[in-house]
Amino acid sequence: MSNDPHVRAAKFAIGQIVKHRVYPFRGVIYDVDPTFNNSEEWWQSIPEEVRPKKDQPFYHLFAENAETTYEAYVSEQNLLIDDSGKPVSHPAVKDFFSELRDGRYLFSNRLQS
């Protein structure tokens, strides 16, 4: 845990299925940054009126929408729990996680050395 008093604990966990608050996509979390950890160019590319603050957790997702699968980097303020119970179809899910149980993916033992 960080000693920085401005860093707060993450609201969501690895393996949890979430959906975007505004845009029509969902995904499974595979990593969490305690604060923004992407390029300034990426951050500036977000329209200012919807640009998230950097001092919050950011989540790496194996994401999907109606057309495709991809990886997404999303601020905590823009995520909601996805309680649909549906699996995420991103092909990397099977490499990171072993199964979907009670709406959450469990880590695969293959990742452990």
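Please refer to the structure placed before this passage.
Everything quoted here is computed from the prediction, not taken from an experiment.

What counts and what doesn't
Residues numbered from 1 in each chain as written. Predicted model: local features only at pLDDT ≥ 70, side-chain atom pairs only at ≥ 80, totals over all residues. Heavy atoms only, no water. Pairing = 2+ DSSP bridges. Helix = DSSP H or I, 4+ residues; strand = E, 2+ residues; numbered from the N terminus. Buried < 20%, exposed > 50% of the residue type's maximum accessible area, 1.4 Å probe, protein only. Lys, Arg positive; Asp, Glu negative; His and termini not counted. Salt bridge = Lys/Arg side-chain N within 4 Å of Asp/Glu carboxyl O. Polar contact = N/O pair within 3.5 Å; in protein donor to acceptor, adjacent residues only side chain to side chain. Contact = heavy atoms within 4.5 Å. 1 Å grid on protein atoms, 1.4 Å probe; cavity = no way out; pocket = protein on both sides within 12 Å on 5 of 7 lines; lining within 4 Å. Points joined across faces, edges and corners; volume = space filled by probe spheres on them. Nonpolar A, V, L, I, M, F, W, Y, C, P; charged D, E, K, R; others polar. Core = buried A, V, L, I, M, F, W, Y, C linked by side-chain atoms within 4.5 Å.

(A) Structural context of the pairing of strand β1 (residues 17-20). Here β1 pairs with strand β2 (residues 26-33) via three bridges, running antiparallel. Residue isoleucine 17 lies in a different strand from β2, and its bridge partner there is valine 28. Connecting β1 to the next strand, β2, in antiparallel fashion are five residues. Pairing analysis gives three bridges linking β1 to strand β5 (residues 79-81), with the strands arranged antiparallel.

(B) Quick look at the side chain of aspartate 33. Within the secondary structure, aspartate 33 sits in strand β2. Buried and unpaired, aspartate 33 has no salt bridge, with lysine 54 as the nearest side chain of opposite charge at 12 Å. A polar atom in the side chain of aspartate 33 sits 3.1 Å from the side chain of histidine 60. Apart from residues no more than four positions distant in its own chain, aspartate 33 is found in contact with Gln56, Pro57, Phe58, His60 and Tyr73.

(C) Looking closely at the side chain of asparagine 78. Positionally, asparagine 78 belongs in the loop between β4 (69-75) and β5. Judged by relative accessible area, which is 13%, asparagine 78 ranks as buried.

(D) Quick peek at the layout of surface pockets. Looking at the largest pocket, its volume works out to about 340 Å³. Surrounding the largest pocket, 18 residues form its lining, His20, Tyr23, Ile46, Val50 and Asn78 being those nearest its centre. Considering each element in turn, the lining of the largest pocket owes the most residues, four residues, to β4. Grouping the amino acids of the lining of the largest pocket by side-chain chemistry returns 12 nonpolar, four polar and two charged.

(E) The nonpolar core, seen in detail. Counting 10 residues, the largest nonpolar core consists of Phe12, Val18, Phe25, Ile29, Tyr59, Leu61, Ala63, Ala72, Val74 and Leu79. Counting residues per element, the ones that place at least two in this core are β3 (58-64) and β4. Here the element with the most residues in this core is β3; it accounts for three residues. Among all residues touching tyrosine 59, those that are not within four sequence positions of it are Ala10, Lys11, Phe12, Ile29, Asp31, Val32, Ala72, Tyr73, Val74, Glu76 and Leu79. Core analysis: the second largest hydrophobic core is formed by nine residues, Val28, Ala92, Val93 and Tyr105 among them.

That's the geometry; what it means functionally is another story.
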